[in-house]
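Here is what each chain is made of, one letter per residue.
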Amino acid sequence: MPASATPDGPVGAAPARHALVVEEGVSLRMLNTLGLPAQAAYLVRVDSEAAVRRVVDHPQWGMAPKMVLGGGSNLVFTRDPAALVIKVEVMGIRVVHEGPQEVIVEAGAGVGWHELVCWTLAHGLPGLENMALIPGTVGAAPVQNIGAYGVELKDRFHSLVAVDLVTGRTVELDARACVFGYRDSVFKQTGFGGLAGKSVITRVRLRLPRPWQPIVGYLDLQRRIEDSGITSPSPQQIFDWVCEIRRAKLPDPAVLGNAGSFFKNPVVSAEQCRDIIARDPGIVHYPLEDGSVKLAAGWLIDACGWKGRSVGRAGVYDKQALVLVNRGGATGAEVLTLARAIQTSVYERFGIRLEPEPIVI
Ligand SMILES: Cc1cc2nc3c(=O)[nH]c(=O)nc-3n(C[C@H](O)[C@H](O)[C@H](O)COP(=O)(O)OP(=O)(O)OC[C@H]3O[C@@H](n4cnc5c(N)ncnc54)[C@H](O)[C@@H]3O)c2cc1C
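Per chain, the residues get numbers from 1 upward, laid out in the order the sequence is written. Since the coordinates come from a predicted model, pLDDT governs what is reported: local features require at least 70, and pairs of side-chain atoms require 80 or more to be given and counted, while whole-chain, interface and lining totals use all residues. Only hydrogens and water are set aside; all other atoms, that is, all heavy atoms of the structure, feed into the side-chain values.

1. Some remarks on the packing of aromatic side chains
The pairing test for Phe, Tyr and Trp rings, Trp by its six-membered ring, is centres within 6.5 Å, and the orientation test on the planes gives stacked under 30 degrees, edge-to-face over 60, and tilted for anything in between. Per the stated rule, a full pass over the model turns up five aromatic pairs. Between Tyr149 and Tyr218, the ring centres sit 4.9 Å apart and the planes meet at 65°, which makes this aromatic pair edge-to-face. Taken together, the residues span a long stretch of sequence, with Tyr149 in the loop between β9 (147-148) and β10 (151-152) and Tyr218 in the loop between β13 (199-209) and α4 (219-228) at a distance of 69 residues. Under the relative-accessibility criterion, Tyr149 is labelled buried at 9%. Labels follow the DSSP assignment, with helices taken as runs of H or I lasting at least four residues and strands as runs of E lasting at least two, numbered in each case from the N terminus. Working definition: with a 1.4 Å probe on protein chains only, accessible area under 20% of the residue-type maximum means buried, over 50% means exposed, and in between means partly exposed.

2. Let's talk about the nonpolar core
Each nonpolar core is a collection of buried residues, namely Ala, Val, Leu, Ile, Met, Phe, Trp, Tyr and Cys, held together in the definition by side-chain atoms within 4.5 Å. Counting 43 residues, the largest nonpolar core has Phe263, Leu295, Ile301, Ile342 and Val346 as its most contacted members. Sorting the residues of this core by element identifies β3 (39-46), β4 (66-69), β5 (75-76), α6 (270-279), β17 (293-295), α7 (297-303), β19 (314-316) and α8 (332-350) as the ones contributing at least two each. Per-element tally for this core: the top contributor is α8, with six residues. Every residue in contact with Ile301, bar those within four places of it in the chain, is listed here: Phe263, Trp306, Ala321, Leu322, Ile342, Val346 and Leu354. Contacts were defined at the residue level, with two residues in contact if any of their heavy atoms lie within 4.5 Å.

3. Concerning a nonpolar patch on the surface
Patch membership requires over 30% relative accessible area and the absence of a salt bridge. Like charges are linked within 9 Å, and nonpolar side chains (Val, Leu, Ile, Met, Phe, Trp, Tyr) within 5 Å. Shrake-Rupley sampling with a 1.4 Å probe provides the accessible areas, and residues are treated as covered by the protein chains on show and by no other component. The rule for a salt bridge is simple: a side-chain nitrogen of Lys or Arg has to be within 4 Å of a carboxyl oxygen of Asp or Glu. There is a patch of nonpolar side chains on the surface, built from Tyr218, Leu219, Val284 and Tyr286 and spanning about 360 Å² of accessible area. For Tyr218, a relative accessible area of 36% puts it in the partly exposed group.

4. Describing the sheet that holds β17
For two strands to be treated as a pair, DSSP must find no fewer than two bridges joining them. If you walk across this open sheet you meet the three strands as β15-β17-β16, and the pairing is antiparallel. Each of the sheet's edge strands pairs with one partner strand only, and the pair in question is β15 (267-268) and β16 (285-287). The pairing of β15 with β17 spans two bridges and is classified as antiparallel. Within β17, the position partnered with Val267 by the bridge is Lys294.

Any link to function would need more than the numbers given here.
Laid out in structure tokens, this is it:
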């Protein structure tokens, strides 16, 4: 049971209104979907921009290194974080603008992403249904520009509100400032101008275009259309299909610890792809608009014989080789050892370096 300490008052005393409540020795095992062991020496929960500012302005915690935590579904803990963990719990969903061509919905960063998708559908505001069931929080969605079944966050993004962890200033960023890429944004960049670890996203605004258009180009959704004979699916129908497909393909983290896709799909030149096809005609690939080709990382891993295999207590999911799982009691080091072995195999056979998708701590 973690102790609760308030640097603004004695342990056990009722915290003054707006005092900073910093919990000590918090286990993170239940706060990351891989279920990896790690402990936060100090953790603070923030439910507003003002709460983040209180951390930044605090004489002790303001200077401390900080790590932002959402739902822990895209993290690999290989050690205890050497930082004050900021758990983002800004809640609330509301419509901020309703016009003939778009509706803008704002959600607190601590709201569950899937909960937001359900809320919008229940309020007759479709547009997010292809991204149903992606675990994690709204605040983390822009960090890696989440995406699934033909839609990425950037396709529905309006702007976000964030608090700078050095100055405590609240800023508003539009899509351009977020520099979205494939599973990437300025919030993952550590170089000059990068914002990795430098700010807390507190609210995200999404633009839901009107009139609604179904996005069903993705192969799995096409198959559903063919099988069901429903040629004009409703938003709810697409939501239901996406949920069914995902439940069949991906392990539920509550049952089998995982972080979803462990590697990004590599992008290669058309020439490189032709070379690979000459050797492996079955390779799953998707031509991109700029002439490059995206390869299915799961296919590459499967071709190297990894599906269903384990290294220690970490393993490769038997239904989808792109997902690494915790078979029970695995450590982050075991997961990384497995990931590196897979990277080596894929490199030796295809000459392609797979890049992990989750953030390794
Ligand atoms: C079963 C499964 C399926 C998945 N499927 C998909 C999928 O289809 N598509 C997809 O894109 N992803 C998928 N993921 C990955 C994951 O769900 C997303 O990356 C998600 O957005 C992570 O949210 P989180 O709140 O858990 O973030 P965390 O794991 O807590 O954090 C991830 C990163 O974001 C940062 N961060 C978190 N919150 C904030 C904030 N408020 N402000 C600033 N930085 C923040 C953290 O510091 C960390 O660097 C899947 C994961 C699982 C387990």
